[in-house]
Amino acid sequence: MKIETVEAVTFRHTTNTVRDSDGHGHPGPVSDTKSCLLVITCGDGSQGRVICRTGDVREALLERFVRPNLIGQDPLATERLWYAVYKWQRLSGGEMTDRALAAVDLALWDLKGKVCGQPVWKLLGGYRPKILAYGSTMCGDDLEGGLATPEDYARFAEWMIGRGYKAVKLHGWMPPVPGAPDVRMDYRACAAVREAVGPDIPLMLDPHHFYSRTDTLWLANKLAELDYRWMEEPMEEASISSFKWLTANTDLNILGPETMTGKHWTRAEWVKHDACDLVRAGVWDVGGIGPAMKIANMAESFHMSCEMHGTGAGNLAVALAIPNTSFYERGLIHPFIDYDEPKEYQNRIDDEMDADGYVHGREVPGLGQDLNMDYIEANRVND
Ligand code: MG
């Protein structure tokens, strides 16, 4: 069996999230937006699919870098196909991004699951059939009754515990919210949440990403006093030296790197240089499931946890497959948004959570996405 076609389908749907001037998502009025479905099809009709952003896999990129490396090839050779596409990144002038590579890899893994008749999380190792989720909040805002005050965060954390979450992660206030960035504002929200949920709920913080070393260290030490589980990305991650200094100077666990480029190679450097206590991998950050599995296995070899970044079927598949992870990140969530409501292009969301806080691996071939293909076809647009 060979791969015959690679197609990107752009389609229209609605969203209830708006972006602020720094790019952070917040609740907003319903508006039109577009997404993309990458589809890789084999001769027997088997299809691997993944939803991505419209900019991730443009037609010119598919024609130049993806189709020449995939069409006519064995769909089960995910590692070889990843390398074939990856090697074009160097000479693509930045066009072949890690997100594009990730989209191709995720669609290939979905296809592999369909061809084999198995869920991807089992093909990768199938360590557990379900995993606890942490509720990952949106960034703070200045919306009345939203996430505008420490008390708002505390009230929402109590709601999360009632919903079943066994762990909570805050995203703090970031510009352009008035007063942000400010480590003391972050600390007050973190303290209010600890007070609200009690001593036994694991808590984490993802603050402003451009603090100084001294601000970061102050915040880290205060979070250690509150028994926070970890803090992630408080400074520009290109500076390994700064994270090595931070990790050496605080008792708080530091998780990273999240958005730093370089895939598994960068994560290995961070571990070698003691720049983190826990390793971060997100399938959309590191170029797909293949590199994420390498990062998880590398971390395991150093007795370190690998915490998956971000929501969705790909990250869930890896989290279910590996032994050395704590939680699945579920979000972003906010008091004004019903996270459990499927989007128009979904029959079910990727990560339904039960009342005990577990997200379950689906017993279906592929990544387990349940897409409404009729909706996607009916709402196709030319991008
Ligand atoms: Mg983060």
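Quick notes on the rules
- Residues numbered from 1 in each chain as written.
- Predicted model: local features only at pLDDT ≥ 70, side-chain atom pairs only at ≥ 80, totals over all residues.
- Heavy atoms only, no water.
- Helix = DSSP H or I, 4+ residues; strand = E, 2+ residues; numbered from the N terminus.
- Rg over C-alpha atoms; globule rule 2.2 N^0.38 Å.
- Contact = heavy atoms within 4.5 Å.
- Areas by Shrake-Rupley, 256 points an atom, 1.4 Å probe, with all protein chains shown as cover.
- Lys, Arg positive; Asp, Glu negative; His and termini not counted.
- Charge placed at Lys NZ, Arg CZ, Asp CG, Glu CD.
- Expected span 1.5 Å × (residues − 1).
- Buried < 20%, exposed > 50% of the residue type's maximum accessible area, 1.4 Å probe, protein only.
- Salt bridge = Lys/Arg side-chain N within 4 Å of Asp/Glu carboxyl O.
- Polar contact = N/O pair within 3.5 Å; in protein donor to acceptor, adjacent residues only side chain to side chain.
- Donors = N, O, S within 2.8 Å, 3.2 Å for Na, K, Ca; no water.
- Axes fitted to C-alpha atoms, helices over the stretch in contact; angles between N-to-C directions.
- Parallel < 35°, antiparallel > 145°, perpendicular 65-115°, else oblique.
- Left-handed = near helix turned anticlockwise from the far one by under 90°.
- Nonpolar A, V, L, I, M, F, W, Y, C, P; charged D, E, K, R; others polar.
- Pairing = 2+ DSSP bridges.

Scanning the chain from terminus to terminus reveals twelve helices and 14 strands. On C-alpha atoms alone, the chain measures out to a radius of gyration of 20 Å, which is about the 21 Å that the 2.2 N^0.38 rule sets for 383 residues. C-alpha extents for the chain along the principal axes are approximately 60 × 45 × 40 Å. Looking at the chain alone, contacts between residues at least 24 apart form 69% of all its contacts between residues at least 6 apart. Surface exposure of the chain reaches about 15,800 Å², of which carbon and sulfur atoms provide 49%. Computed over 39 positive and 56 negative side-chain charges, the inter-centroid distance for the chain is 5 Å.

Moving on, we come to helix α5 (residues 150–163). Between its first and last C-alpha atoms α5 spans 20 Å; for 14 residues at 1.5 Å apiece the expected length is 20 Å, and the two agree. Those residues of α5 that sit buried are Pro150, Asp152, Tyr153, Ala154, Phe156, Ala157, Met160 and Arg163. Summarising the contacts, the buried residues of α5 are in contact with β4 (130–137), β5 (168–171), α6 (183–197) and β11 (328–333). Positive phi shows up at Gly164, right after α5, with a value of about 125 degrees.

A few words now on the pattern of salt bridges. Between side chains of opposite charge, a pair can form as their charged atoms come close. Applying the stated criterion across every chain, the model contains 21 salt bridges. With its nearest N and O atoms 2.9 Å apart, the salt bridge here joins Glu329 to Lys169. With a gap of 160 residues between them, Glu329 in strand β11 and Lys169 in strand β5 connect regions that are remote in the sequence. By relative accessible area, which is 4% here, Glu329 ends up buried. Taking the relative accessible area as the measure of exposure, Lys169 reaches 0% and is therefore buried. The partner of Glu352 in a salt bridge is Arg362, and the shortest N-O contact between them spans 2.9 Å. With Glu352 in the loop between β12 (346–348) and β13 (358–360) and Arg362 in the loop between β13 and β14 (370–371), this residue pair connects regions lying ten residues apart in the sequence.

Turning next to the side chain of Glu232. Among the secondary structure elements, Glu232 is positioned in strand β7 (residues 230–232). Residue class for Glu232 comes out buried when judged on its relative accessible area of 1%. A polar contact is formed between the side chain of Glu232 and the side chain of Trp230, at a distance of 2.8 Å. Contacts of Glu232, omitting those with residues within four sequence positions, involve Lys169, Leu205, Asp206, Pro207, Leu255, Glu258 and Arg280.

For the magnesium ion, the full set of protein donor atoms is Asp206 (OD), Glu232 (OE), Glu258 (OE) and Glu258 (OE), at a range of 2.1 to 2.6 Å. When the donors of the magnesium ion are listed by position in the chain, the intervening gaps give D-x25-E-x25-E. A residue pair is termed long-range when its members are at least 10 positions apart, and Asp206 in strand β6 (residues 203–206) and Glu258 in the loop between β8 (254–256) and α9 (263–272) qualify at 52 residues. Accessibility classification places Asp206 together with Glu258 in one group, the buried group.

Right, let's talk about the packing of α6 against helix α7 (residues 213–225) for a bit. α7 packs onto α6 with a crossing angle of 15 degrees between their chain directions and a minimal axis gap of 10 Å. Accordingly, the angle class assigned to the pair α6 and α7 is roughly parallel. Taken as a pair, α6 and α7 cross one another with a handedness that is right-handed. The segment α6 lies against α7, with Val183, Arg184, Asp186, Tyr187 and Cys190 engaging Asp215, Trp218, Leu219, Lys222 and Leu223. When the residues that make up the contact of α6 with α7 are grouped by side-chain class, the tally is six nonpolar, no polar and four charged.

Strand order in the open sheet formed by three strands is β1-β2-β3, with antiparallel pairing between adjacent strands. Taken across any chain shown, the strands that pair with only one partner, and hence form the sheet edges, are β1 (3–19) and β3 (47–52). Taken over all neighbouring pairs, the strand axes of this sheet differ in orientation by 15 degrees on average, direction set aside. Sitting on the sheet, helix α1 (residues 59–70) is in contact with β1 and β2 (25–42), with an inclination near 135 degrees to β1.

Pairing analysis gives 15 bridges linking β1 to β2, with the strands arranged antiparallel. Bridge pairing links Thr10 to Cys36 in β2.

This brings us to the side chain of Asp105. Relative to the assigned elements, Asp105 resides in helix α3 (residues 98–116). Among buried charged residues, Asp105 stands out as having no salt bridge; its nearest opposite-charge side chain is Lys112, 8.4 Å away. With residues up to four places along the chain from it excluded, the contact list for Asp105 reads Trp82, Gly287, Gly288, Ile289 and Gly290.

Function cannot be read off these values alone, since they describe shape.
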